[in-house]
Amino acid sequence: SQTIHQWPATLVQPVGSPLSLECTVEGTSNPNLYWYRQAAGRGLQLLFYSIGIDQISSEVPQNLSASRPQDRQFILSSKKLLLSDSGFYLCAWSPSNSYEQYFGPGTRLTVT
Amino acid sequence: AQSVAQPEDQVNVAEGNPLTVKCTYSVSGNPYLFWYVQYPNRGLQFLLKYITGDNLVKGSYGFEAEFNKSQTSFHLKKPSALVSDSALYFCAVRNTGSGGSYIPTFGRGTSLIVHP
């Protein structure tokens with residue numbers, strides 16, 4: 001069966017510090033991968049999606065970037081965090097031949 | 001462009017009563033429709049989907065949803081609510097195209113509260 005991992009689960013970082021969040025998927029190959037942010041409240045904001053290694057599309061211009069160095073690894077990064085980067089970050093995957101998404105457990109980021 | 005509306009921020013229901021969480025959508029062409037549930041501080045869990053076929057779709061935990069093309073709706077239902085159903089519910093839509101259009105659009109979510 002397929003599983004998706006995210007780490008860390010929680011993170012507290014000062015403004016201006018760098019960020020690296022990692023997501024890995026097991027049990028499948030060539031998945032579509034996604035990064036979302038969920039601010040306080042509820043709405044999901046799509047940040048990045050990827051249909052293959054080094055094929056990444058950005059949905060919202062901001063100080064975040066994403067990379068996919070391996071087929072089942074998706075990394076969200078920032079060089080300098082802003083207060084507004086605080087939120088709940090969710091990674092998701094979907095099979096390339098299916099429709100629904102499967103979400104990881106999330107990372108709670110607090111920028112102080 | 002595609003969009004999803006969940007008109008209710010919160011739905012309250014007594015345990016044992018039927019529940020409905022509403023969703024309407026707008027998409028060019030035929031839709032793929034989804035429901036997800038999110039418990040506090042957790043990721044979203046897939047509940048069910050409509051791709052084609054029967055308008056009534058059955059999913060996990062006793063939930064079902066009815067696709068109504070004329071009303072562009074996909075309401076989530078359960079005959080008898082449980083306190084453990086209390087969570088945040090998201091409806092999502094994507095069109096049946098390829099390429100970047102496979103990205104789904106999510107609604108803002110509806111908080112379901114089931115009272116004992």
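Not measured: the values here are computed from a predicted model.

J.: Could you give an account of the interface of chain A and chain B, naming the residues involved and the relevant values?
T.: In this assembly, 21 residues from chain A lie in contact with 24 residues from chain B. Summed over both partners, the interface of chain A with chain B buries about 1800 Å², with 59% contributed by carbon and sulfur atoms. When the area that chain A buries against chain B is broken down by residue, the three leading residues are Arg42(A), Tyr99(A) and Glu100(A), summing to 38%. Here chain A is connected to chain B by 1 salt bridge. Between Lys49(B) and Glu100(A) there is a salt bridge, and its shortest N-O distance comes to 2.8 Å.

J.: I'd like a description of the side chain of Arg37(A), backed by residues and values.
T.: All names here are of chain A. Along the chain, arginine 37 turns up in strand β4 (residues 32-38). According to the relative accessible area criterion, arginine 37 is buried, its value standing at 10%. Sequence-distant contacts of arginine 37, defined by excluding residues within four places in its chain, comprise Gly43, Leu44, Gln45, Leu47, Gln62, Leu64, Ser84, Asp85, Ser86, Phe88 and Tyr89.

J.: Any chance you could break down the packing of aromatic side chains for me, citing the residues and the numbers?
T.: Both the distance between ring centres and the angle between the ring planes are used here to describe each pair of aromatic rings. Summed over all chains, the structure comprises 15 aromatic pairs over all chains. Centre to centre, the rings of Tyr102(A) and Phe46(B) are 6.2 Å apart; their planes meet at 65°, and the pair counts as edge-to-face. A residue pair is termed interchain when its members come from two chains, as with Tyr102(A) in strand β10 (residues 102-103) and Phe46(B) in strand β6 (residues 44-50). On the accessibility criterion, Tyr102(A) (29% relative accessible area) is partly exposed. Given the relative accessible area of 22%, Phe46(B) is considered partly exposed. Between the aromatic rings of Tyr36(B) and Phe106(B), the centroid separation amounts to 5.5 Å while the plane-to-plane angle is 45°, which identifies the pairing as tilted. Linking Tyr36(B) in strand β5 (residues 31-38) with Phe106(B) in strand β11 (residues 105-106), this pair joins segments that are 70 residues apart in sequence. Under the relative-accessibility criterion, Phe106(B) is labelled buried at 13%. An aromatic cluster is built from Tyr34(A), Tyr36(A), Trp93(A), Tyr102(A), Phe103(A), Phe34(B), Tyr36(B), Phe46(B) and Phe106(B), whose rings are joined through pairwise contacts.

J.: Please provide a residue-by-residue account of the pattern of salt bridges, values included.
T.: Here the idea is simple: oppositely charged side chains can pair when their charged atoms come close. Under the definition given, this model contains 6 salt bridges over all chains. Among the salt bridges present, the one from Asp85(A) reaches Arg37(A), with a minimum N-O distance of 3.6 Å. In this pair, Asp85(A) is assigned in the loop between β8 (73-78) and β9 (87-94) and Arg37(A) in strand β4, connecting sequence segments 48 residues apart. Residue classification places Asp85(A) among the buried positions, given a relative accessible area of 2%. In this structure, Glu66(B) and Lys77(B) form a salt bridge, with 3.7 Å as the shortest nitrogen-oxygen distance. Placement of Glu66(B) in strand β8 (residues 64-68) and of Lys77(B) in strand β9 (residues 73-78) is noted, with a sequence separation of 11 residues between them. Assessed through its relative accessible area of 30%, Lys77(B) is described here as partly exposed.

J.: Let's hear about the state of the cysteines: which residues, and what values?
T.: Under the counting rule described, the total for this entry stands at 2 disulfides over all chains. Between the sulfur of Cys23(A) and that of Cys91(A) lies a disulfide, 2.0 Å long from S to S. What sets the handedness of the Cys23(A) and Cys91(A) disulfide is the S-S torsion sign, and at about -75° it is left-handed. Here Cys23(A), found in strand β3 (residues 19-26), pairs with Cys91(A), found in strand β9; they are 68 residues apart in sequence, far enough to count as distant. An identical accessibility class is assigned to Cys23(A) and Cys91(A); each is buried. In this model Cys23(B) forms its disulfide with Cys91(B); the gap between the sulfur atoms is 1.9 Å. In this structure, the disulfide formed by Cys23(B) and Cys91(B) twists by about -65° around the S-S bond and is classed as left-handed. Taken together, the positions of Cys23(B) in the loop between β3 (19-21) and β4 (24-26) and Cys91(B) in strand β10 (residues 87-95) put the pair 68 residues apart, joining distant regions of the chain. Of the residues examined, Cys23(B) reaches a relative accessible area of 0% and is grouped as buried.

Cut-off values and rules
Residues numbered from 1 in each chain as written. Chains lettered and ligands numbered in written order. Predicted model: local features only at pLDDT ≥ 70, side-chain atom pairs only at ≥ 80, totals over all residues. Heavy atoms only, no water. Contact = heavy atoms within 4.5 Å. Buried area = accessible area lost by both parts, 1.4 Å probe. Salt bridge = Lys/Arg side-chain N within 4 Å of Asp/Glu carboxyl O. Helix = DSSP H or I, 4+ residues; strand = E, 2+ residues; numbered from the N terminus. Buried < 20%, exposed > 50% of the residue type's maximum accessible area, 1.4 Å probe, protein only. Phe/Tyr/Trp six-rings, centres within 6.5 Å; stacked < 30°, edge-to-face > 60°. Disulfide = S-S within 2.5 Å.

Purely geometric numbers; function is a separate question.
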